[in-house]
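Coordinate analysis (summary)
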Protein chains: 4
Amino acid sequence: MDIPDFRQNTATRLGQTRRISLDIAEPLSAEEQVVQPSEDASPTKWHLAHTTWFFEEVVLKPFDPGYREYDPRFNYCFNSYYEALGPRHPRLQRGLLTRPTHAEVLGYRAHVDEALRRVTGDGAAALPQAAWDLLELGVNHEQQHQELMMTDCLVLFAGNPLQPAYRPAASEEPREPLDVKWIAFDGGISEVGHEGGGFSFDNETPRHECLLRPFRLANRAVTNGEWLEFMNDGGYDTVALWLSDGWSTIQREGWRAPLYWERGDDGWSQMTLRGLLPIDPSRPVSHISFYEADAFSRWAGKRLPTEFEWEVASEGVAMDGNFLGHGALQPCAVANSEGLSQMFGDVWEWTASPYVGYPGFKPAAGAVGEYNGKFMCNQFVLKGGSCITPDGHVRRTYRNFFYPHQRWQFTGLRLASDA
Amino acid sequence: MDIPDFRQNTATRLGQTRRISLDIAEPLSAEEQVVQPSEDASPTKWHLAHTTWFFEEVVLKPFDPGYREYDPRFNYCFNSYYEALGPRHPRLQRGLLTRPTHAEVLGYRAHVDEALRRVTGDGAAALPQAAWDLLELGVNHEQQHQELMMTDCLVLFAGNPLQPAYRPAASEEPREPLDVKWIAFDGGISEVGHEGGGFSFDNETPRHECLLRPFRLANRAVTNGEWLEFMNDGGYDTVALWLSDGWSTIQREGWRAPLYWERGDDGWSQMTLRGLLPIDPSRPVSHISFYEADAFSRWAGKRLPTEFEWEVASEGVAMDGNFLGHGALQPCAVANSEGLSQMFGDVWEWTASPYVGYPGFKPAAGAVGEYNGKFMCNQFVLKGGSCITPDGHVRRTYRNFFYPHQRWQFTGLRLASDA
Amino acid sequence: MDIPDFRQNTATRLGQTRRISLDIAEPLSAEEQVVQPSEDASPTKWHLAHTTWFFEEVVLKPFDPGYREYDPRFNYCFNSYYEALGPRHPRLQRGLLTRPTHAEVLGYRAHVDEALRRVTGDGAAALPQAAWDLLELGVNHEQQHQELMMTDCLVLFAGNPLQPAYRPAASEEPREPLDVKWIAFDGGISEVGHEGGGFSFDNETPRHECLLRPFRLANRAVTNGEWLEFMNDGGYDTVALWLSDGWSTIQREGWRAPLYWERGDDGWSQMTLRGLLPIDPSRPVSHISFYEADAFSRWAGKRLPTEFEWEVASEGVAMDGNFLGHGALQPCAVANSEGLSQMFGDVWEWTASPYVGYPGFKPAAGAVGEYNGKFMCNQFVLKGGSCITPDGHVRRTYRNFFYPHQRWQFTGLRLASDA
Amino acid sequence: MDIPDFRQNTATRLGQTRRISLDIAEPLSAEEQVVQPSEDASPTKWHLAHTTWFFEEVVLKPFDPGYREYDPRFNYCFNSYYEALGPRHPRLQRGLLTRPTHAEVLGYRAHVDEALRRVTGDGAAALPQAAWDLLELGVNHEQQHQELMMTDCLVLFAGNPLQPAYRPAASEEPREPLDVKWIAFDGGISEVGHEGGGFSFDNETPRHECLLRPFRLANRAVTNGEWLEFMNDGGYDTVALWLSDGWSTIQREGWRAPLYWERGDDGWSQMTLRGLLPIDPSRPVSHISFYEADAFSRWAGKRLPTEFEWEVASEGVAMDGNFLGHGALQPCAVANSEGLSQMFGDVWEWTASPYVGYPGFKPAAGAVGEYNGKFMCNQFVLKGGSCITPDGHVRRTYRNFFYPHQRWQFTGLRLASDA
C-alpha cells in the first residue's frame, strides 16, 4: 500500500527538521548546551530533548504499540508545561539538568528518530490520521524550538564577558537606508484566519470575517537609524509617549535602548549572533518590547497595525524573506523594491492586537489543547517571522505571541496609520 | 444673560455630586479616613482631597483668573497620576498623609466648592465651553472616586479583626434563585461607542462599526449559589479550566474562593459593607477576578461576552438598577422579569475584551488625556456598573477596566455563548 | 497592713508612667495616631493599647480574680509577638486597626488603669511578689514603647510632604564643637551584668566576669560635623571602609547620609521631632546604622567599643543626661566637662558586640521569657539611652539591641581604641 | 643556593594541592562543571579557574617579572569578591561562563602551574618571603575551594531529578549508635587564637586570653537518630524552641528536616555524594542551619559551645579524623573510644559564637585583607572541619563562618552545658 503524498511530505519534513535541530546545536559544545541563560530562555540540550519528548509522548507512546520508552524519568525532565502529561521539572531549574548528559540526549534523539522513521516508513499505513496530524504538529513545534535555540544562545553569549559569536560576521558594506513609502489599503469585511488545507496551529482558527477601516502600512520595518532618532529625541525620557505599564517597566529595568545595545566610545554597538557589531542604521531595529514599539509609533505620529490589518495587507506578498535558511542570522536592510517589503522574515512585527481567541475558537483536543489556548491573556500578537525562523514555518495567518515586556526574540515593528 | 440649560444642569449635578462625597464619608471618623488599606485602595480623605484637587488644577487654576490657590503644597499631595501636572506623593504612601488633617481637607473642599459655585453661578457666562466640559469631566471623575471610597472602605473593614459594618444590615428574607434563560441576538454590523450628545469619556469614542456573529446572553448574572457549585466541583483545583496566568495567580495567592469569603463552622460567609453575612445563594457573585470569571465560564461550557456583544444586547434595556442610590450596598437577587436583568447595577461584568483603544481613538487634549489612554494595555473591559456606582454615572457605552487579577471592586460575570 | 516601700514605689511609678504615655500622644490627633508609618514602626494608638494589653494579659488576668476583661478581641489585636499568648494581628497590618477607635483605646486604658490602681492600692497586700515583679516589668516595657512612640512619630512626620514638627523648635545658638579627648582604662577581669537589687531585664543577667585589655574611649559621641568630614572624604564611596554586608546594604538602599538628612541649596538639613532643621555640626550624629558606625570608626582609624568596655568605663559616671524629661527631643552638643560625657542620653551608642546571652543566661519564666531571649541573634548591643529615653529607664547594664541596618532610632556612636 | 625546608614544603604542598583540585573535578564532565547550582554555590570550572586566578593575581603578577598574563579578560571573569582587584563578573551569573571553555580553563591552570613550578623551583631564591606567604595562603585558599567543589556538586546533584552519585556507595553495615558521654572542663583564663609558627588565616589572630567558666562537652556529635527524635517530638513545630529569626526562616522556607532529607514510603532518605541513601541513625546529622542547631540544643536542655570552649577543649585531641582523604565523603558513626571524638572531620560544628574579630585584630595587608575581615558580621563560627575538608587544612584555631540560615555545607553540632 502506498503512502499518500502529503504523508510522504510530512515524513520527509520530519526527517529534515530533526536534522536541522542538530545542525543548529552543532557549533555549541556540551558545556554550552547545558546552561539556562535566563528565566525566559532554556538550555540548548533541553530544547533538543524536549522536542524529542514531544514526539515520544504525543505520537509514539499513544500510537505505536511496539514503541519502547527510552527512559521513564525523561517525561518528568522534559515536559515543558503540559499539565495533562504529569508533573515536570521546574522551568527555572532546567539548567540543573546536567544529567541526562549531552551524549544521553543525543542517544534519546537517535532512539526516537529511529522509531519515527519506522512508523512513518514501513509502518506508515498503520498510523491513523490523528497521529499524522500530531507528527505535523511536532514538526512545527520543533521549528519553534529551533528559533528559541538561536535566541537563547544569544542570551547566553550576550551574558558572557567574552562576547562570543555563534558564527563570525562576514565583512559587509552597510546599505543605504531607504525612505518609507506608505501603502494604502481599503477597509471593509475581510476573511482572516486559516482556511484549512495544510497545517496551522489551532489559534489561527476558525477563519472568520473581520471589519476593517481604510489604513496605510509602511512598506518596510522601522530601522536602527530611525530608532536612534527616537533615542536622540529623548524618546525614553518622555513620559507622554508611553503606556503607563510601559513607563513603569522602563524605569524599573533602566531601559534606555533596545536589548543588547551598548554604548561605547565609538557609538552604539549591538551583541548579535555574529558577535558584537556596530549598529547598522539601515537594518530593522530588533529586540524591542511591545512597550517600546508602541511608544515609538506614538513618537512618529503613527500607530501599530492590528493583526488583521497586517494579515489582509499581506495577501499576495510572497512568503519568502530573510529566514534562517538565508544564513544572515540578523535582520537585513531592505532592498529597493515595490510594495511591502520585509513582511516575512527579518523581525517579528508587534501588532496592536492583544492575543485572544478568534470568535468560535476551540482548542485542539487532548494534551496539545494546552499548546496555545491557555496563553490567551496578557500577551500581544506578532506577525511575519524573523531572520532565525526556520524556512517554511510561518504563514500569513500565523500568530506568534509574547508578553509586552519581552525582548529576547527578534522583535521589531512596522508603522501603520489610518487612511 | 441666561445660562443655557445644559450648563445649569452641569452646575446642579456638580453641587449634588460634591455633597454626595461628603455623605459617603460621613459614617467614617477621621482616623478611619486617613488609612490606606491596600496597594490598590486609597484613604477616604485622599479621595475627598484628590477630587477637589482635580477641579482646582484642571478648571479653577486655568480658567478662573480670580482663583486663589488654597495651598501650593496640595498639588504634590493630591495629584494621582497626571505626569503633565508635576511630581506627586508616591501612591503607596498615601496613608502617610496625616497632614493635611481631615479638618483641613474639609476646608479645602469648602474653598474649592465656593469657587466652583462662583464660576458656575454669577461667573457662568465668562466660563468658556472647554471649562464646562472639564467641569462635567470632574463630576464624572468624582463619581468614580465615590465608588472607590466604598470599595476601599470595604478593604479597610475586611482587614480589621473586628469586622465592622459600614452600615448595619437590615434583616431580609433570602430570595429564591431563578433559573437562567438565554436570550439570542443576531449578528451583523452594529455601531458601538458613544454617539455624542451628553458626556462620555474619551475611551468610549469614536463611535464605529463592529461585526458580530449571532450570540446568546444569560438573562442574569452568575449567582453565589452557582459559584458554590463551581467550588464544590473542584473548580479551583482543575488546571484545565484556567488560563496559564490565572492558574499561577491562584496558586501564588492561595485563592480558593472569591475575595472576602471565609469558611466558618456554618458554611461560607462574606465580608460586606453591611458586615459579615452568610453567603446568599441567590445574589450575584462578586469580588472575583477576570481569571476566575474566565475559568467559571469554561467550567459552565460557556464563555464571557465581548464588550460589543454586551453593548449591542443592552440596547433598549433601561439604565436603572441596583446602584448606589438604591441603598442596598450589595448585589441583589434578580426579580422575576422578562428579558435581560441586572445589566445595570449589582456587579461590574467582566467581558472577554482586552481594554484597547477604539479604531481612530485619540486621547483628550491636555493633562486629562492621561485619564484613560495610557492604561490601554493588560486590562479587561467591564460593563454595566455595580451596586455602589453612583446613579446616572454609567452608560451603555461605558468602559470600566481592571487588571485580570484584581478583585477589590464589585466584579462579577454574565455568561454568553455562540448562537 | 502596710505596703512595703519598694512596692509603693512601683505603684507610684506605674501611675506616672501610664500618664506620661498619654502626655506623649497628646499632641497627635486620632488620625495621626492610627497610621503605621513603616515596617519597623507602629501606630501611636497601637502603642497605647499594646502597653495596656501587657498589664491586662500578664498581670491582671493571671493575678486579679476580680478582673473583668475589657474586650476579649483585644488580645488578638494588641499582642505584639508573644507566641505563648495566642495568635495575633499581623505586625505589618497594625495600621489597619481603625477599630477599636482612638476613643475606645482610651477607654481601655482607663479601665485597666482603674484595675491597676485597685490591685496596687487597696488590694496591694493580696498581690504576690511575682505580680509586683511583672508590674515593674510592665512599667519598663511601657517606657520602651514611649521611646518608640517618639521615633515612630518621627518616621510618620518625615514621610509627610508637609514635614510637620512634633513640637516646634526654640531658637538656639549653635554651640562650638569640642575636641575629642581620650580616656584610658585598664584591662583585667571585671564584673559585668546586673547585680540584683532593683529592676533589670533578664538579658542583663547573670552578672559575670569578663576579661578586658587596656583600652581608650572618646570622651564624647561623634558629631554631625565629624560625620560631614567622613561624607566629604568619600566615606560612602570607599568600599575598603565597609563590612561586606554593610556595603551591599548602602548600595541597595542608596544611602549617602544618615536617615532624615536631605541636601538643599543651603547645605544639609535633617528632619527632627522639631521639624526640618539645618545640620548642627556640634550635636551628636544620629540615625545611623551599625554598618555606618563601623565604617566611620574604620575611617577614623579607631573602632567601636565592646559592650563590656562601655559598661566598665561607665562606672562612676552619673546616670543623668539628655533624656526625654530634658525636653530637647534631639541630641545636644556636649558641654565642656571632665571625663566621659554623653554616656547617658543623647544617642544610643552602637557597640561592637553582637547581642547574645550572657554565660548562664536563662530567660524569665512564662510568656515574658519571650521578651528578650528569642532575639539573641543577628543584632548588636547599644548602650546608654537617647534624648527620648524616659528618665530613669536605663542603667549601666542596660542592653538595647537592633539589627545592623536599622536607623530609625536615635542611634550614634562613640569611638574606642586599643590602649 | 638551597631552598629552606619550609619553602620546599610549601612548594611540595602547592603541587599536591593543585593536583587534588583536578582529581576532585575529574568525575564531572565539562557540562557538569559549568553549571551554577544555587546562589550560594559556584560551578566546578569556576572554582578551578578562580583558584588559579588567585595565584596569578596575588603572586605571579606582583612578584614574577617574567610572568606573561594568560588572558587579560580572566581577571574580570574569575575575581570573586576582591574590590581592590577591580570589577568582576556578577556572582549570580557565574553559570553563564560557558566561555572560557573547560579546555581553556585547564590550559589556564597548566600555564599558571608551569609558572608556579618555575618560581618555586629554579627561581625560588629570588622570591621574597611575602610571596612565599601568599603562596601558602593560596594553597589554603585552594583547599577551601576543594571543599566547596564537593558541597556545590552535591547541590547540583540534589537538584537533579535523576539524583546522581558523585561516587557510588559501598555497601556498609550500619553501626550501633553510642550513648553520649559528657566531658568536663575547668574554667579560668586560657589562651586562644593562633600562636604563630606555621600558617594561619588572619582571623585566627592575635592570640589572646579569654575567660571561661567550667563547662561540659558531649564526647561526640549529635546523630541522625537523635535528630529524628527531635523531629518526632515536634521540634520543627514548637515555637518556644526557636530564635525569632529562626522561626520565621523555617516558616518562610518550609523546613521540616535537614537539607537533602526526603521522606519516602520507607522512611527518610538523604541525598549524599554517594547518591540517595537511607538515613543512618548512627551518623552525625549534617546540613543543618545554625537556627536548627540552636533549637535542637534547647530541646535537649543543653546549649551550643562557644568557639573558645571548643578550642580549649580540643587541646590534646589529635587532629586526624574523617577528612577528604579518608574517602568516606559523608560523616561517619563514631567508634567506641575515650575522650572527645569527631572533633576533627565529619561535620563542621556550629558554635554559639558570632563571627567577629579578635581583640586587636588587624586584617592582612593588601588585597588579601579582604579575605576574612569584611565578613565579620551576621555570621557564626564553626569548628573542626568536615568529611570533605582536605587533610591538613584545619587547625584547632581554625574559624570557619557561615550565615545562620545556610545549610549547604556539611554542618552539624555538638552539645555543651554549664558544668
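Quick summary incoming for the structure in this document. (Residues numbered from 1 in each chain as written. Chains lettered and ligands numbered in written order. Predicted model: local features only at pLDDT ≥ 70, side-chain atom pairs only at ≥ 80, totals over all residues. Heavy atoms only, no water.)

Time to look at the relation of the copies chain A and chain D. Overlaying chain A with chain D gives an RMSD of 0.0 Å, the required rotation being 180° about an axis along which the chain moves by 0.0 Å. Taken together, the rotation and translation describe the operation of a two-fold axis. Among all residues of chain A, the one whose C-alpha sits closest to the rotation axis is A:Glu31, at a distance of 1.9 Å. (Least-squares fit on C-alpha atoms with pLDDT ≥ 70 in both.)

A separate point is helix H5 (residues 102-120) of chain B. With 19 residues, H5(B) should cover 27 Å at 1.5 Å per step; its first-to-last C-alpha distance of 27 Å lies within 8% of that length. Residues B:His102, B:Val105, B:Tyr108, B:Arg109, B:His111, B:Val112, B:Asp113, B:Ala115, B:Leu116, B:Val119 and B:Thr120 constitute the buried set of H5(B). Those residues of H5(B) that are buried are in contact with helix H1 (5-25), helix H2 (30-33), helix H3 (44-63), helix H4 (74-78) and helix H6 (129-158) of chain B together with helix H2 (30-33) of chain C. (Helix = DSSP H or I, 4+ residues; strand = E, 2+ residues; numbered from the N terminus. Expected span 1.5 Å × (residues − 1). Buried < 20%, exposed > 50% of the residue type's maximum accessible area, 1.4 Å probe, protein only. Contact = heavy atoms within 4.5 Å.)

All names here are of chain A. Bridge analysis of strand S1 (residues 182-185) against strand S4 (residues 215-218) gives 4 bridges, and the strand direction is antiparallel. Looking across to S4, one finds that Trp182 is bridged to Ala218. When S4 meets strand S12 (residues 416-418), the two strands line up antiparallel, connected through 3 bridges. Within the sheet, the bridge partner assigned to Leu217 lies in S12 and is Ala416. (Pairing = 2+ DSSP bridges.)

What follows concerns the interface of chain B and chain A. Interfaces are often sized by the amount of accessible area the parts lose when they come together. Taken residue by residue, the interface counts 28 residues in chain B and 28 residues in chain A. Summing both sides of the interface, chain B and chain A together bury roughly 2100 Å²; the carbon and sulfur share of this comes to 61%. The interface formed by chain B and chain A includes 0 salt bridges. In this structure, the connection of chain B to chain A is made through 10 residue pairs in polar contact (both at pLDDT 80 or more). Of all the elements in the fold, those that place two or more residues in the side of chain B that touches chain A are strand S3 (208-212), helix H8 (244-253) and helix H9 (290-299) of chain B. Grouping the amino acids of the side of chain B that touches chain A by side-chain chemistry returns 18 nonpolar, 4 polar and 6 charged. (Buried area = accessible area lost by both parts, 1.4 Å probe. Salt bridge = Lys/Arg side-chain N within 4 Å of Asp/Glu carboxyl O. Polar contact = N/O pair within 3.5 Å; in protein donor to acceptor, adjacent residues only side chain to side chain. Nonpolar A, V, L, I, M, F, W, Y, C, P; charged D, E, K, R; others polar.)

Quick look at the arrangement of the chains now. A gap remains between chain A and chain C, with no contact made and the closest C-alpha atoms lying 14 Å from each other. You won't find any contact between chain B and chain D; their C-alpha atoms come no closer than 14 Å.

A word on the side chain of D:Asp71. Structurally, D:Asp71 is set in the loop between helix H3 (44-63) and helix H4 (74-78). A distance of 2.9 Å separates a polar atom in the side chain of D:Asp71 from the backbone nitrogen of D:Arg73.

Let us look at the relation of the copies chain B and chain A. Between the two copies, chain B and chain A, the superposition gives an RMSD of 0.0 Å; the rotation angle is 180° and the shift along the axis is 0.0 Å. A share of 100% of the interface residues of chain B reappears at the interface of chain A, consistent with the copies meeting face to face through the same patch.

On to the interface of chain A and chain D, then. Across the contact, 28 residues belong to chain A and 28 residues belong to chain D. Roughly 2300 Å² of surface becomes buried between chain A and chain D when both sides are summed, with 60% attributable to carbon and sulfur atoms. Ranking the residues of chain A by area buried against chain D places A:Glu31, A:Arg99 and A:Leu162 at the top, with a combined share of 32%. Joining chain A to chain D, the criterion identifies 4 salt bridges. One can count 10 residue pairs in polar contact (both at pLDDT 80 or more) joining chain A with chain D. Broken down by secondary-structure element, the contributors of at least two residues to the side of chain A that touches chain D are helix H2 (30-33), helix H4 (74-78), helix H5 (102-120) and helix H6 (129-158) of chain A. Among the elements that line the side of chain A that touches chain D, the one with the most residues is H2(A), at 3 residues.

Time to look at the sheet that holds strand S4 (residues 215-218) of chain D. All names here are of chain D. The sheet built from 3 strands is open, its strands ordered S1-S4-S12 with antiparallel pairing. The open sheet is flanked by strand S1 (182-185) and strand S12 (416-418), the only strands paired with a single partner. Ignoring strand direction, the axes of neighbouring strands in this sheet form an average angle of 25°. (Axes fitted to C-alpha atoms, helices over the stretch in contact; angles between N-to-C directions.)

Here we come to the packing of aromatic side chains. For the structure shown, the criterion picks out 125 aromatic pairs over all chains. Aromatic side chains A:Tyr81 and A:Tyr82 sit 4.7 Å apart centroid to centroid with 25° between the ring planes, which places their arrangement in the stacked category. Overall, A:Tyr82 belongs to the buried group, its relative accessible area being 1%. Each ring, one from C:Phe290 and one from C:Trp350, has its centre 5.8 Å from the other, and the planes form 75°; the classification is edge-to-face. Here C:Phe290, found in helix H9 (residues 290-299), pairs with C:Trp350, found in strand S8 (residues 348-354); they are 60 residues apart in sequence, far enough to count as distant. (Phe/Tyr/Trp six-rings, centres within 6.5 Å; stacked < 30°, edge-to-face > 60°.)

Take the side chain of D:Lys383 next. All names here are of chain D. Relative to the assigned elements, Lys383 resides in strand S9 (residues 380-383). A relative accessible area of 0% places Lys383 in the buried class. A polar side-chain atom of Lys383 sits 2.8 Å from the main-chain carbonyl oxygen of Arg396. Dropping the residues within four chain positions of it, Lys383 is found in contact with Glu307, Trp310, Glu311, Val347, Trp348, Glu349, Thr351, Arg396, Thr397 and Tyr398.

So, about the environment of A:Tyr236. All names here are of chain A. Tracing the backbone through its elements, the reader meets Tyr236 in the loop between helix H7 (224-232) and helix H8 (244-253). Assessed through its relative accessible area of 2%, Tyr236 is described here as buried. Sequence separation between Tyr236 and Ala364 is 128 residues, and the spatial gap between their C-alpha atoms is 42 Å. Apart from the residues lying within four places of it in its own chain, the contact partners of Tyr236 are Trp227, Phe230, Met231, Trp242, Trp247, Ile250, Trp255, Arg256, Ala257, Pro258 and Glu292. A distance of 3.3 Å separates the side chain of Tyr236 from the side chain of Trp227, its partner in a polar contact.

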